[in-house]
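Structural overview
The primary structure of each chain is shown beneath.
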Amino acid sequence: MILPITIYSDDILRQRSKPLKGVDSAIEALIASMFESMRNASGIGLAAPQVGQSLRLVVLDISCVKNYEQEKPMVVINPHVISVKGSCSMEEGCLSVPGVQGDVVRPSAIMLKYRDEHFVEHVAEFSGMFARVLQHEIDHLDGTLFVDRVQKRDRRKMQKELLAMTSGVIHADYPVVFPPAKPNSPNSNPM
Ligand code: ZN
């Protein structure tokens, strides 16, 4: 099932997600829907808060990226970064921040402890595009967006788009869910 993607100003994208205790049929269905929603939006990674679930669950599939064609889709549950190495800058975008890109500096390799779709624990090192996408998605589980990590100069450039997004101007060619108006928001006041 294609699920709508939560957008920039949604509170769920700012919360720390809860760890999973296991994988039952409901989680299996959520994983399948996350893959479907990610591919429908031409994304290469998706975290559960981006489909409205505050859970420490990520899916990724980078096989559309040059030099990664042979890589299989991956499910990452309860990830924990044990150590990091190096540093590199790369342009990032996010399905929850449509139409906005910016350069982000991150470690170039990570040692990660995580569970797979069978809830089996792994410890493995990831580099290149894997390290990049995993760190972006793990950030989502901790309530951080890539726009928080771009340099001040770039952040100023994207400020107009972010502000427009907050007021509901969203250019996405996939289903999105705009957060409901807060009780104290001027939009909810008929005056
Ligand atoms: Zn993202």
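Everything discussed here concerns the structure shown above.
What comes next is a walk through the structure. (Residues numbered from 1 in each chain as written. Predicted model: local features only at pLDDT ≥ 70, side-chain atom pairs only at ≥ 80, totals over all residues. Heavy atoms only, no water.)

Protein-derived coordination of the zinc ion comes from Cys94 (SG), His136 (NE2) and His140 (NE2), at a distance range of 2.0 to 2.3 Å. Within one chain, the residues serving as donors to the zinc ion are arranged as C-x41-H-x3-H. With a gap of four residues between them, His136 and His140 both fall in helix H2 (residues 128–141), about one helical turn apart. We classify His140 as buried; its relative accessible area is 0%. (Donors = N, O, S within 2.8 Å, 3.2 Å for Na, K, Ca; no water. Helix = DSSP H or I, 4+ residues; strand = E, 2+ residues; numbered from the N terminus. Buried < 20%, exposed > 50% of the residue type's maximum accessible area, 1.4 Å probe, protein only.)

The next thing to look at is the sheet that holds strand S4 (residues 74–85). The antiparallel open sheet is built from five strands, whose spatial order is S2-S3-S4-S7-S8. Edge strands, defined here as strands with exactly one partner in the open sheet, are strand S2 (45–47) and strand S8 (121–127). Going from strand to strand, the sheet's axes swing by 40° on average, the running direction of each strand aside. For S2 and strand S3 (residues 57–60), the ladder comprises three bridges, and the chain directions are antiparallel. (Pairing = 2+ DSSP bridges. Axes fitted to C-alpha atoms, helices over the stretch in contact; angles between N-to-C directions.)

Turning to the side chain of Ser37, a few remarks are in order. Structurally, Ser37 can be placed in helix H1 (residues 25–40). Overall, Ser37 belongs to the buried group, its relative accessible area being 1%. Engagement of the side chain of Ser37 in a polar contact is seen with the backbone oxygen of Ser33, the distance being 2.6 Å. Those residues in contact with Ser37, other than ones at most four positions away along the chain, are Met1, Ile2, Leu3 and Leu46. (Polar contact = N/O pair within 3.5 Å; in protein donor to acceptor, adjacent residues only side chain to side chain. Contact = heavy atoms within 4.5 Å.)

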